[in-house]
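# Remarks on the overall topology
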Amino acid sequence: MGFDVRVAEDLSGSYQRYVLSAWAKLVDGLDREDLTRDFVNIMMVEADFWLRRMRALESGKLRLIRYHGIKIIG
């Protein structure tokens, strides 16, 4: 397709650490009054989504890969 791929890097491990850190930061920032029934229900759906994504990353069935390509013209 005319691209010169310069970098192909698997960022799965660092992404997993980032996700876990972000969830910890969210939990640390919550106050008791934040925990309404609606908020908890929404967060349970979101947590389930991220849990499934993290399991897929851990199993290797999903990977986060960074590619850097330059389009060669001419």
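Described below are features of the structure shown in this document.

Calculation criteria
- Residues numbered from 1 in each chain as written.
- Predicted model: local features only at pLDDT ≥ 70, side-chain atom pairs only at ≥ 80, totals over all residues.
- Heavy atoms only, no water.
- Salt bridge = Lys/Arg side-chain N within 4 Å of Asp/Glu carboxyl O.
- Buried < 20%, exposed > 50% of the residue type's maximum accessible area, 1.4 Å probe, protein only.
- Helix = DSSP H or I, 4+ residues; strand = E, 2+ residues; numbered from the N terminus.
- Expected span 1.5 Å × (residues − 1).
- Contact = heavy atoms within 4.5 Å.

Another aspect to go through is the pattern of salt bridges. All chains considered together, the criterion is met by four salt bridges. Among the salt bridges present, the one from Arg6 reaches Asp4, with a minimum N-O distance of 2.7 Å. On the basis of relative accessible area, Asp4 is assigned to the partly exposed category, the value being 29%. In this structure, the salt-bridge partner of Arg66 is Glu9, at a minimum N-O distance of 3.1 Å. Placement of the pair is Arg66 in strand β2 (residues 65–71) and Glu9 in strand β1 (residues 3–10), with a sequence separation of 57 residues.

As a further point, take helix α2 (residues 37–59). Here α2 spans 33 Å end to end across 23 residues, near enough to the 33 Å set by a 1.5 Å rise per residue. The set of residues buried in α2 consists of Met43, Trp50, Met54 and Leu57. Where α2 is buried, its residues meet α1 (12–28). Following α2 by one or two positions, Gly60 has its phi on the positive side, about 90°.

Taken by themselves, the reported measurements are silent on function.
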